[in-house]
Amino acid sequence: MKKAYLGIDIGSISTKAVIIDEKNKILASEYLWTEGNPMEAVKKVLRSLEPQFKKKTYQIVSVGTTGSARKLIGAMVGASVVKNEITAHAIGTTSLYPDVRTILEIGGQDSKIILIEDGVVVDYAMNTLCAAGTGSFLSSQARRLGVEVEEFGKIALKSKKPTNIAARCTVFAESDLVHKAQIGHRKEDIIAGLCKAVVTNYLNNVGKGKKIVAPVVFQGGVSKNIGVTKAFEEATGCDVIVDPNSHLMGALGVAILARKSKKEKEFSFNITDMEFKTIGIECQKCANHCEIICVYKNNQMIDSWGNRCENGAIPIKNKEA
Amino acid sequence: MKTKEPCRVAFPRFGNYHIPLEFLFTKGLGVEYITPPPSTKKTLEIGSKYSPDYVCSPFKFNLGNYIEAIEAGANTLVQTGGTCRLGYYGELHEQILKDLGYDVKFVNMSKANYRNPLTFYNEFKKVNPNLNLAKVSSALLTMLKMVECIDNVDDYVRQNVGFEVHDGEMEKIHEAYLEALKQVETKKDVIKTTKTYMKKLKDVKTKKPKKLIRVGIVGEYYTIMEPFSNHFIEKELAKKGIVIYRWMNVTNSILHYDGKEQKKVIKNYVKYYMGATSMSTVYKTLEWAKAGFDGIVHVKSFGCTPEIDAMPVLQKISADYKIPILYFSFDSQTSETGIQTRLEAFYDMIMMRKEKRK
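Residues numbered from 1 in each chain as written. Chains lettered and ligands numbered in written order. Predicted model: local features only at pLDDT ≥ 70, side-chain atom pairs only at ≥ 80, totals over all residues. Heavy atoms only, no water.

### Some thoughts on the pattern of salt bridges
Then comes step 1: Scanning all chains against the criterion turns up 31 salt bridges over all chains.
Then comes step 2: Lys44(A) is the salt-bridge partner of Glu35(A), the closest N and O atoms lying 3.5 Å from each other.
Then comes step 3: Look at Glu35(A) and you get exposed, because its relative accessible area is 60%.
Then comes step 4: The shortest N-O distance in the salt bridge between Arg246(B) and Asp154(B) comes to 3.9 Å. One end of the pair, Arg246(B), is in strand β6 (residues 243-246); the other, Asp154(B), is in helix α6 (residues 133-160), with 92 residues separating them in the sequence. Across the pair, exposure class does not vary: Arg246(B) and Asp154(B) are buried alike.
Then comes step 5: Sharing partners across several salt bridges, the network here consists of Asp154(B), Asp155(B), Arg158(B), Glu234(B) and Arg246(B). (Salt bridge = Lys/Arg side-chain N within 4 Å of Asp/Glu carboxyl O. Buried < 20%, exposed > 50% of the residue type's maximum accessible area, 1.4 Å probe, protein only. Helix = DSSP H or I, 4+ residues; strand = E, 2+ residues; numbered from the N terminus.)

### Overview of the sheet that holds strand β4 (residues 58-66) of chain A
Residues and elements named next belong to chain A.
Then comes step 1: Strand order in the open sheet made by the 5 strands is β3-β2-β1-β4-β5, with mixed pairing throughout. Taken across any chain shown, the strands that pair with only one partner, and hence form the sheet edges, are β3 (26-33) and β5 (81-82).
Then comes step 2: The pairing of β4 with β5 spans 2 bridges and is parallel. Bridge pairing in β5 links Thr65 to Val82.
Then comes step 3: Across the face of the sheet, helix α1 (residues 38-49) comes into contact with β1 (2-10), β2 (14-20) and β3 while running at roughly 145° to β3. (Pairing = 2+ DSSP bridges. Contact = heavy atoms within 4.5 Å. Axes fitted to C-alpha atoms, helices over the stretch in contact; angles between N-to-C directions.)

### A closer look at the sheet that holds strand β1 (residues 8-10) of chain B
Residues and elements named next belong to chain B.
Then comes step 1: Ordered by their spatial adjacency, 4 strands build an open sheet running β2-β1-β3-β4, and the pairing between neighbours is parallel. The two strands at the open ends of the sheet, each matched to only one other strand, are β2 (32-33) and β4 (105-108).
Then comes step 2: Direction of pairing for β1 relative to strand β3 (residues 76-79): parallel, over a ladder of 2 bridges. Bridge assignment links Ala10 to a residue of β3, and that residue is Leu77.
Then comes step 3: Sitting on the sheet, helix α4 (residues 86-99) touches β3 and β4, and the angle it makes with β4 is about 170°.
Then comes step 4: Running over the sheet, helix α5 (residues 119-127) touches β1 and β4 and is turned about 175° from β4.

### A look at the environment of Ile266(B)
Residues and elements named next belong to chain B.
Then comes step 1: Inspection of the secondary structure assignment puts Ile266 in the loop between α12 (259-265) and α13 (278-290).
Then comes step 2: Placed 66 residues apart in sequence, Ile266 and Ser332 show a C-alpha to C-alpha distance of 33 Å.
Then comes step 3: Residue contacts for Ile266: discarding those within four places in its chain leaves Met279, Val282, Tyr283 and Leu286.

### Considering the pairing of β4(A)
All names here are of chain A.
Then comes step 1: Counting buried positions over the 9 residues of β4 gives 9, a clear majority of the element.
Then comes step 2: Note that β1 and β4 share 8 bridges and pair parallel. Along β4, the bridge assignment pairs Asp9 with Thr66.
Then comes step 3: In this region the chain leaves β4, passes through helix α2 (residues 70-77) and returns to the parallel neighbour β5; the handedness of that crossover is right-handed. (Right-handed = clockwise from strand over helix to strand, strands pointing away.)

### Let's talk about the packing of aromatic side chains
Residue and element names in this part refer to chain B.
Then comes step 1: Counted by the stated rule, this structure contains 21 aromatic pairs over all chains.
Then comes step 2: Measuring from ring centre to ring centre gives 5.5 Å for Phe328 and Phe330, while their planes differ by 10°; the resulting arrangement is stacked. There is no split in this pair, since Phe328 and Phe330 are both buried.
Then comes step 3: Cluster of aromatic residues (ring-pair linked, three or more members): Phe14, Tyr17, Phe61, Tyr221, Tyr222, Phe228 and Phe232.
Then comes step 4: Across from the ring centre of Phe232, 5.6 Å away, lies the NZ or CZ of Lys235, which sits over that ring.
Then comes step 5: The positively charged end of Lys240 is found above the aromatic ring belonging to Tyr347, 5.7 Å away from the centroid. (Phe/Tyr/Trp six-rings, centres within 6.5 Å; stacked < 30°, edge-to-face > 60°. Lys NZ or Arg CZ within 6 Å of the ring centre and 35° of its normal.)

Rendered as structure tokens:
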């Protein structure tokens, strides 16, 4: 039996997972929408991964989770590594591009820039208050224009004269877009303008003060949009590499971390048949009213978090929900 | 306010400085002091509700503290001055509280000068007209010593708490120390009590690795010093086994402030005075960068102009000395997950860099 490792990246918009072997080769992968229900999304991902690889040859011995629901899913699948997405992305990308110096990443709700020297992260930044430079912004604008977001890139490439669209914030961008459409700008020009706006916003907010050095790798869901990739190349003057698996880098990274952790425990796909639920409690022990989340597997509490102090700690002892 | 009512003073919650403040007001000015309850989510909710949305978050915390202090019996509120928006806090707080119908006396110290304690005398007279100058001066001296001692002990805990063998020991002693300080009468007592507890702290078993990770925290006055407002960032970092350095406290920034020296040290980066805490932020960042620290964490409240101005300078220092700097901007609502993600990644980055350098 050969060893395999599972990495799951549960973002706000999409859930990604890969199974790798001991040489980091991807044996199986899946990408689907989280739809506001990370636990269900993970079950779906697992059901899809199961038939993709040879279960007779490989046994998953360690699981890693990353993304904004990493903690919740980590508890659910019994992960040996629960890692933030910045580190996970850096590890994933450097495993494929050891010389990379700049990682541009745009996901559904967040975007980040990671600077690397000699294979080590030396600086990073993540968007804070604004969603203008992210995938969900593009999705909502696609809907407004009556275009599938997957088609965005191709349509943008047709434009010869991208429309100028205010990039400072989604609200401004949206009203600007409506205005430009109403005065007769062509759809492909508006779409190309939007791609440019996303890049401008990203470079001004996330990339602010950071030096972008080649080789540059662009990843995250939005990297599938060739219009944005092109806009990045124009704005930075660098070639921008987009890996065919650019949407899976976080999952790959955390799978590698699970492999390196040496913490092994056989993983079984039967968790897809188990019932998981969470119950939120507002702690009443002081005025902070911490929201404590309790995670239950088949009605047994397996973990809880959210309390700021010891007073709010809930002991795990086979509590019935 | 009914004139016959005895004065019950309150000042916004700020680190552990409510203890020396209580001493000064009760022992020196001879009035009752109401310590506002510790800041919580509720404090911030109340404060935000009645504050302009775009004001910096310390204003909202302060307002919440005032209202909670009034509910606890305070009838005289004190606000300080400052060299940024803080200088206007007092007037606005007073107006908001008046509009809300609170019948309280408001003493605005923005006219007093921190470098000259005598200027406080005139303001104190508004709290208690029958002031005894000798009593006030003696209490003031004891209070200043208390501030120094609190800051010293704080520094020690910050640099060692991450390495204690049994979790929570130092915090318990630290809390007991602050309780004990509430009982002191004289400057001598302050020194003695501090010595006793410092010894207890030093007796706590710690296990430090040979190569220490050192991180310095810089930033805006309130957010850096009030742990609730920065999501207990020092504690979070220390828990990972990091020695935390923080220069910013009342002792360094007011009692022993040396602006000329700061300006000299940072002259290659800053030509003109930039206001509020920004000079000190640049100064300490540069010193720690030169000292080979592993990282700097910059904290501020959202929209804090002087600290925003300091950020490009920090970016330059970061590039010149190859020191990573993590920037945090806190507002009234910030997701805990986002902070955790960034802190974790910062820690990973520092560790990977350290591994690489070996």
